[in-house]
Every structure is written in structure tokens, then in C-alpha cells.
Amino acid sequence: MQNKSVMVLGAAVGAAIMYGIVSFFGPQSGQMQNVELRPDDLKLVALGKKVYDANCASCHGARFEGQANWRERGDDGLLPAPPHDETGHTWHHPDAMLFALTKYGPAAIAGNDYKSAMPAYENTLTDEEILASLSYIKSRWPDEISQRHDQINQSAAQQQ
């Protein structure tokens, strides 16, 4: 039980730091602060499945499994797409961070020198479609992971 608490605390601290980075981001930060995934909204999740299948599954996997060796940079210097299931790190980030990463791309969040195959979807998907795809992903997490993600969101909100 202690290891689980340490993992949640570590993830919450990391989430709070990342949330601070997102909040620092300027004009978009007001929008991002209000982002809340809705994995229980069946209509939104159904839209999210369509969006995910069309835009995300080719890299992150139809079953959220990600690409092989996703923790190791390839010969091109890029990290493969991580899984979005409980084995990946998606759930370690608060909703606002997930939204920002999807909308603006990893380079915009980590710095323009960061290299990633993940595109920004700002000009491809609407905010609702981004929210829907992320809500769909969260709707497939085991209850324990979803609850831990909720705790990360609560910790990030307290850091505002």
C-alpha cells in the first residue's frame, strides 16, 4: 500500500509541475484550466472513439497498446508512441496537460527543441473532438487507474 501511495504522490507532484508549465503558457491557459475529461458521457465517448480511431490508433494502437520500445528513442531520434492504457504514462498527467499536448503538440509544451512525431491537432480537430478522444481513452482505463488520475487532477487544481 505504501508503494501505491508513493506512486500516486510522485505522479501528483509531476502533474502539478506539468500543470504549472501549461498554466504559464499564455493566452491558452484560461481554456486549459477548464478542461475536464468526461469518461461517463456516453455520447462524448462515442464521438471520441471515432476521433481516436481516425487520428490516434495508427500510432497509439487500436487497443491503446502504443508502439514497441516506446521508452527508447529510435534511429530517427524520436520516441515511439506510448500506450494510452494503464501501462503507459498518459494517466500520470492532468486533463489540462493531456489536452494541451494533443492540441498544441509536445514541442509546444516541452520546448521547440523537443523532437516528436506527435503532431499538434490544433488545426485538425476541434476542442470538443480533442476532449472526446481523451474522454474515450480515460473511459477504457481500469477503475483504479481512473481514480488515481482523478487524484492527480485534484492535486493539479490545488496548485493553481
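These figures come from a predicted structure and were not determined experimentally.

Concerning the layout of surface pockets
A volume near 820 Å³ is recorded for the largest pocket. Taken together, 35 residues make up the lining of the largest pocket; nearest its centre are His-60, Pro-82, Pro-106, Ser-116 and Met-118. Within the lining of the largest pocket, the residues separate by chemical class into 21 nonpolar, eleven polar and three charged.

Observations concerning the packing of helix α5 (residues 95–104) against helix α7 (residues 127–139)
Packing of α5 against α7 brings their axes to within 10 Å, and their N-to-C directions diverge by 125 degrees. Relative to α7, α5 is oriented oblique. Of the two possible hands of crossing, α5 and α7 adopt the one that is right-handed. The residues of α7 that touch α5, namely those facing Leu-98, Phe-99, Thr-102 and Lys-103, are Asp-127, Ile-130, Leu-131 and Leu-134. Grouping the constituent residues of the contact of α5 with α7 by class yields five nonpolar, one polar and two charged.

Cut-offs applied
- Residues numbered from 1 in each chain as written.
- Predicted model: local features only at pLDDT ≥ 70, side-chain atom pairs only at ≥ 80, totals over all residues.
- Heavy atoms only, no water.
- 1 Å grid on protein atoms, 1.4 Å probe; cavity = no way out; pocket = protein on both sides within 12 Å on 5 of 7 lines; lining within 4 Å.
- Points joined across faces, edges and corners; volume = space filled by probe spheres on them.
- Nonpolar A, V, L, I, M, F, W, Y, C, P; charged D, E, K, R; others polar.
- Axes fitted to C-alpha atoms, helices over the stretch in contact; angles between N-to-C directions.
- Helix = DSSP H or I, 4+ residues; strand = E, 2+ residues; numbered from the N terminus.
- Parallel < 35°, antiparallel > 145°, perpendicular 65-115°, else oblique.
- Left-handed = near helix turned anticlockwise from the far one by under 90°.
- Contact = heavy atoms within 4.5 Å.

The analysis is restricted to geometry; functional conclusions fall outside its scope.
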